[in-house]
Amino acid sequence: MKTQTSHPSCSPWPPRSSHSSCEATSIPTSPAADGTIPASNESPTAGPVWELGGDFHWVATEPSGAGRDILPADAVLFGNGRQALYAVLMEGRRRFGWRVCHLPAYICQSVVQAARAADMECRYYRALPAADESPDWPPFQSRHEVLLSANVLGFSGLDLVPPDWPNENRIEDHTHDPWSRAACESRAGYCLVSLRKTLPTPDGGAAWSPLGLPCPSPEALIPGHAAAGQEKLAAMLLKRHYLSGMAVEKEEFRAWQIQSEAAMSIQPTSRPLPVTASMLPHLPWRRWRVERARNAEYLTDRLLGSLTAPALEPDRREVLPPPTPRRFPEQCPFAVVLLCRNRRERDRLREALIQRRVYPPIFWPLPEEAARRHPEAADFAARMLALPCDFRYTPEDLEEAAEVIREFFQTEAG
Ligand SMILES: Cc1ncc(COP(=O)(O)O)c(C=O)c1O
């Protein structure tokens, strides 16, 4: 049976109010973009413990209906993103004879693991979120091949469609911006997302077919997945208590997070936790996306100021996405990326940020084969820091990160 997230009064997808124009648009601030969502009081700045980054804490969800169009009406929910990809690949294997999967060289390990679990021969193509260049698309050779393109870090815009590839043989991963124009207007055989990267849900992934191809669906909530999801839920609740100043040690919720992540599996595919399915139609994704774009714009501008200070040599240092042209609402960055000169500089900067309670993730340790064949992807992974800029934060919160970075580079220059 399909697990659907649509509300009885579900409006059609793509959601019109955020994709009605192709023009570059300025980012609305308050009131909320759709004007209907009550203001949030979920910023961790409300509590006595301040920090920036790390996994989501638990966010209380009111029955607002604000997320009724959070996914296309025919989207099928899974326990996580890797399960959604695995299920789609297995469907393609059975129905269309897919045997080879082309993947971007710069991608998260669990995506590659899902392709391997589906017994695909994995081949990697050059695609960097940093480059002004299009991905180096492999030629389409046979119906037995499938190509995965990904809007990595939400920077890719519409550059997800390789010429010459039949839509039926394409999968798009929209995890980092499920509501971009590319996602809403996709003509790929299948699209997928991991929900828990942009939304404060303990688990969840989704797949759908813009072409109307049959979409597989998990039969049940699998006990192993339920246990992993519940550990994450416990971690989210504990983190909320920690941020609000209750007697919780950071190590406690970190231990639950790590344990849950290690227990997230690819197969058997599972439905997500009931709490995830029930909260989705009520999450104010529009407002949160507006806030992410506003924060990204603010932080990008602040960091560019630091990197171009006269005493600094900007060589090989970069802030992404570049400030112009801003493309909201067509695109919305997942995070602001700071590219350092080399791994050593990146690691030292990260340490300085952690000292000040800013926790920037690094994306990603690459599969050995991808790193060997695509040194440019390995170089990007070695030099990058991702600065979270999601709805949990205000520009004032981001100012702290910007200040640490400014001080760090000033010391370097001095
Ligand atoms: C772009 C992308 N797609 C898919 C996934 C897999 O999602 P999940 O961790 O929910 O399995 C990830 C995980 O980090 C990801 O970054």
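Refer to the structure presented above.
Keep in mind it's a predicted model, so treat the numbers as computed, not measured.

Engineer: Tell me about the packing of helix 5 (residues 223-243) against helix 6 (residues 250-263), and please be specific about residues and values.
Structural biologist: With their axes 8 Å apart at the nearest point, helix 5 and helix 6 run at an angle of 155 degrees to one another. Judged on the interaxial angle alone, helix 6 and helix 5 are roughly antiparallel. Between helix 5 and helix 6 lies a crossing whose hand is left-handed. Contacts from Ala227, Ala228, Glu231, Lys232, Ala234, Ala235, Leu238, Lys239 and Tyr242 of helix 5 reach helix 6 at Lys250, Glu252, Phe253, Trp256, Gln257, Gln259, Ser260 and Ala263. Residue classes in the contact of helix 5 with helix 6 are distributed as nine nonpolar, three polar and five charged.

Engineer: Give me the sheet that holds strand 12 (residues 384-388): which residues, what numbers.
Structural biologist: Spatially, three strands are ordered 9-10-12 in an open sheet, and the strand pairing comes out antiparallel. Of all strands in the sheet, those bounded by a partner on one side alone are strand 9 (318-320) and strand 12. Taken pair by pair, the neighbouring strands of this sheet meet at an average axis angle of 20 degrees, ignoring direction. Bridging between strand 9 and strand 10 (residues 335-339) involves three bridges; their strand directions are antiparallel. Along strand 10, the bridge assignment pairs Leu320 with Val337. Those strands touched by helix 8 (residues 285-307) are strand 9, strand 10 and strand 12, and its axis lies near 15 degrees from that of strand 10.

Engineer: Outline the pairing of strand 3 (residues 100-104), listing residues and values.
Structural biologist: Within strand 3, four of the five residues are buried, leaving the element largely enclosed by the surrounding structure. With respect to chirality, the unit in which strand 3 leads through helix 3 (residues 109-117) into the neighbouring parallel strand 4 (residues 121-125) is right-handed. Bridge count for strand 3 against strand 5 (residues 145-150) is three bridges, and the pairing is parallel. Opposite Cys101, over in strand 5, you have Val146 as the bridge partner.

Engineer: Please set out the sheet that holds strand 4 residue by residue, giving values where relevant.
Structural biologist: Spatial ordering of the open sheet is given by 2-8-7-6-5-3-4, a layout of seven strands whose pairing is mixed. Two strands in the sheet have a free side with no partner beyond their single neighbour: strand 2 (76-78) and strand 4. Here the average twist between neighbouring strands, direction ignored, is 25 degrees. Bridge count for strand 5 against strand 6 (residues 170-173) is four bridges, and the pairing is parallel. Residue Ser149 lies in a different strand from strand 6, and its bridge partner there is Glu172. Packed on one face of the sheet, helix 3 meets strand 3, strand 4 and strand 6 and runs near 175 degrees to strand 3.

Engineer: Explain helix 11 (residues 375-383) to me, and be specific about the residues and the numbers.
Structural biologist: When helix 11 is considered as a whole, its buried residues turn out to be Ala377, Phe380 and Arg383. Down the axis of helix 11, the sector holding all buried residues measures 140 degrees, keeping them to one side.

Engineer: Give me the lowdown on the site of the ligand, citing residues and values where you can.
Structural biologist: Taken together, 13 residues surround the ligand, and among them Asn80, Gly81, Arg82, Cys108 and Ser194 come closest. Among the residues forming the shell around the ligand, the class breakdown is three nonpolar, seven polar and three charged.

Engineer: Tell me about helix 5, and please be specific about residues and values.
Structural biologist: Over its 21 residues, helix 5 runs 30 Å from end to end, which matches the ideal 30 Å to within 8%, given 1.5 Å per residue. Every buried residue of helix 5 is listed here: His225, Ala228, Gly229, Glu231, Lys232, Ala235, Met236, Leu238, Lys239, Arg240, Tyr242 and Leu243. If you follow the buried residues of helix 5, they end up packed against helix 6. Positive phi appears at Gly245, one or two residues downstream of helix 5, with a value of about 95 degrees.

Engineer: Hey, could you go over unusual backbone geometry for me, with residue numbers and the actual values?
Structural biologist: In this model, Leu320 is joined to Pro321 through a cis peptide bond whose omega is 0 degrees. Structurally, the position occupied by Pro321 is in the loop between strand 9 and strand 10. Each neighbour pair has its own omega, and for Phe363 with Trp364 the value is -25 degrees, a cis peptide bond. Its place among the elements puts Trp364 in the loop between strand 11 (358-359) and helix 10 (368-373). In this model, Asp119 sits at a positive phi of 60 degrees, which is unusual for a non-glycine residue. Of the residues examined, Asp119 has 12 C-beta atoms within 10 Å and is grouped as exposed. The phi angle at Asp164 is positive, at roughly 80 degrees, despite the residue not being glycine.

Engineer: If you had to explain the nonpolar core to someone new, which residues and values would you point to?
Structural biologist: Of all hydrophobic cores here, the largest spans 95 residues; its most connected members are Leu192, Ala206, Ala207 and Val336. The element that contributes the greatest number of residues to this core is helix 8, accounting for eight residues. Each of two domains, domain 1 (76-208) and domain 3 (285-413), supplies a minimum of three residues to this core. In contact with Ala207, other than residues within four places in its own chain, are Ala75, Val76, Phe78, Ala84, Ala87, Val88, Tyr190, Cys191, Leu192 and Cys215.

Cut-offs used in this document
- Residues numbered from 1 in each chain as written.
- Predicted model: local features only at pLDDT ≥ 70, side-chain atom pairs only at ≥ 80, totals over all residues.
- Axes fitted to C-alpha atoms, helices over the stretch in contact; angles between N-to-C directions.
- Helix = DSSP H or I, 4+ residues; strand = E, 2+ residues; numbered from the N terminus.
- Parallel < 35°, antiparallel > 145°, perpendicular 65-115°, else oblique.
- Left-handed = near helix turned anticlockwise from the far one by under 90°.
- Contact = placed C-beta atoms within 7 Å.
- Nonpolar A, V, L, I, M, F, W, Y, C, P; charged D, E, K, R; others polar.
- Pairing = 2+ DSSP bridges.
- Buried ≥ 20, exposed ≤ 12 C-beta atoms within 10 Å, placed from the backbone.
- Right-handed = clockwise from strand over helix to strand, strands pointing away.
- Arc of directions from axis to C-beta.
- Near = placed C-beta within 6 Å.
- Expected span 1.5 Å × (residues − 1).
- Core = buried A, V, L, I, M, F, W, Y, C linked by C-beta atoms within 7 Å.
- Domains from an automatic or database assignment.

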